[in-house]
Amino acid sequence: DSFYDGGQYTSEKAIVQRALEIIEQGGDIIDIGAVSSKPGAELIPTDIEIQRLVPIIRLLRHEFPNAILSVDTCWAKVAKAVADEGADIINDISGGQFDTEMFNTVAQLQLPYILMHTKGLPSVMQNQTQYTDIMQEMIMYFSEKLDKLYYLGVKDVIIDPGFGFAKTLEQNYTIMKHLKDFSVFKEPLLVGISRKSMIYNLLSSDANKALNGTTVLNTYALMNGAKFIRVHDVKEAVETIKIIEQLKK
């Protein structure tokens, strides 16, 4: 039920084929999720999330032993379960807000942690887009969360501004315009804007026609501090990175 390509990869054959495609096209990390976090989506019980995720982690770890697997979850119990199966990174859209044990668990697991900004559950987050100064509030948010993570002993943190999560179209572009502000944290920055509504609503289009806009914003993000881009279209993203790297030489 993901907003763009969710529901396409439900059989083992389709999952392995998609993972192989990502690797062959030059993707460095495979991000795996078992629940949608699109605006309006309802989260699912942790036991069901584990039932969905664990067989897939086992499958991909067996098929691609050297692949880097990131798991998209906001629950400590799920993080522990997938770590036990060989997951490499925990990608938490809630920034530890939905589960008070998440930070402690990540510290115990000693896995890299993707810390995203949002406000409220996906089901209600688009009703929580009120900010006095969005960049100031996000800097404070990351500062407080990083302090807690560092105190607990978490060593590898990746910052994700959470484009589209509790943010209007205009707010998303304000954040993109000020991406360099996040460099104050000295932590790598992840940008995930692939085929999101901030692109296709601006262009009066839809997600299926948003690849060109995605590439434009990925280019801008890479030029302004992004170290990771989270995408659906791996080949095009890898080409973008190669061109940017050549320009920076």
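This brings us to the overall build of the chain. For the chain, the helix and strand inventory stands at nine helices and seven strands. Over its C-alpha trace the chain gives a radius of gyration of 17 Å, about what one expects of a compact globule, namely 18 Å for 249 residues. Across its three principal directions, the C-alpha atoms of the chain cover 40 × 40 × 40 Å. The buried share of the chain, reckoned over its 249 residues, is 48%. A sequence separation of at least 24 residues applies to 66% of the contacts in the chain between residues at least 6 apart. In the form shown here, the chain has an accessible surface area of approximately 12600 Å², with 52% of it arising from carbon and sulfur atoms. Across the chain, the 25 positively charged side chains and the 32 negatively charged ones have centroids separated by 4 Å.

This next bit is on the pattern of salt bridges. When charged atoms on two side chains of opposite charge get close, those side chains can pair. Enumeration according to the criterion identifies nine salt bridges in this entry. R230 is the salt-bridge partner of D31, the closest N and O atoms lying 2.7 Å from each other. Within this pair, whereas D31 is found in strand 1 (residues 29–33), its partner R230 is found in the loop between strand 7 (226–229) and helix 9 (234–248), the two being separated by 199 residues in sequence. For D31, a relative accessible area of 27% gives the class partly exposed. With its nearest N and O atoms 2.7 Å apart, the salt bridge here joins D47 to K77. You can see D47 sitting in helix 2 (residues 46–63) and its partner K77 sitting in helix 3 (residues 76–84), a full 30 residues away along the chain.

What helix 6 (residues 169–177) keeps buried is the set Q171, N172, I175 and M176. Burial along helix 6 is one-sided: seen end-on, the buried residues are contained in an arc of 140°. Among the exposed residues of helix 6, those oriented more than 90 degrees off its buried face are E170 and K177. Looking at the buried side of helix 6, the elements it contacts are helix 5 (134–152), strand 6 (189–191), helix 7 (197–200) and helix 8 (211–223).

A word on the environment of T214. Topologically, T214 is positioned in helix 8. Once you skip the residues sitting within four places of it in the chain, T214 turns out to touch I193, S194, R195 and I199. Among the polar contacts made by the side chain of T214, one reaches the main-chain carbonyl oxygen of A210 at a distance of 2.7 Å.

The next subject is empty space enclosed by the protein. What the rule picks out here adds up to one cavity of 30 Å³ or more. Of the volumes computed, that of the largest cavity is approximately 40 Å³. Considered class by class, the residues forming the lining of the largest cavity number three nonpolar, four polar and two charged.

Inspection of the secondary structure assignment puts T73 in the loop between strand 2 (68–72) and helix 3. Side-chain polar atoms of T73 contact the side chain of E49, separated by 2.6 Å. Not counting the four nearest positions on each side in its chain, T73 is found in contact with E49, V78, A79, I90, N91, D92, I93 and M102.

Conventions used here
- Residues numbered from 1 in each chain as written.
- Predicted model: local features only at pLDDT ≥ 70, side-chain atom pairs only at ≥ 80, totals over all residues.
- Heavy atoms only, no water.
- Helix = DSSP H or I, 4+ residues; strand = E, 2+ residues; numbered from the N terminus.
- Rg over C-alpha atoms; globule rule 2.2 N^0.38 Å.
- Buried < 20%, exposed > 50% of the residue type's maximum accessible area, 1.4 Å probe, protein only.
- Contact = heavy atoms within 4.5 Å.
- Areas by Shrake-Rupley, 256 points an atom, 1.4 Å probe, with all protein chains shown as cover.
- Lys, Arg positive; Asp, Glu negative; His and termini not counted.
- Charge placed at Lys NZ, Arg CZ, Asp CG, Glu CD.
- Salt bridge = Lys/Arg side-chain N within 4 Å of Asp/Glu carboxyl O.
- Arc of directions from axis to C-beta.
- Polar contact = N/O pair within 3.5 Å; in protein donor to acceptor, adjacent residues only side chain to side chain.
- 1 Å grid on protein atoms, 1.4 Å probe; cavity = no way out; pocket = protein on both sides within 12 Å on 5 of 7 lines; lining within 4 Å.
- Points joined across faces, edges and corners; volume = space filled by probe spheres on them.
- Nonpolar A, V, L, I, M, F, W, Y, C, P; charged D, E, K, R; others polar.

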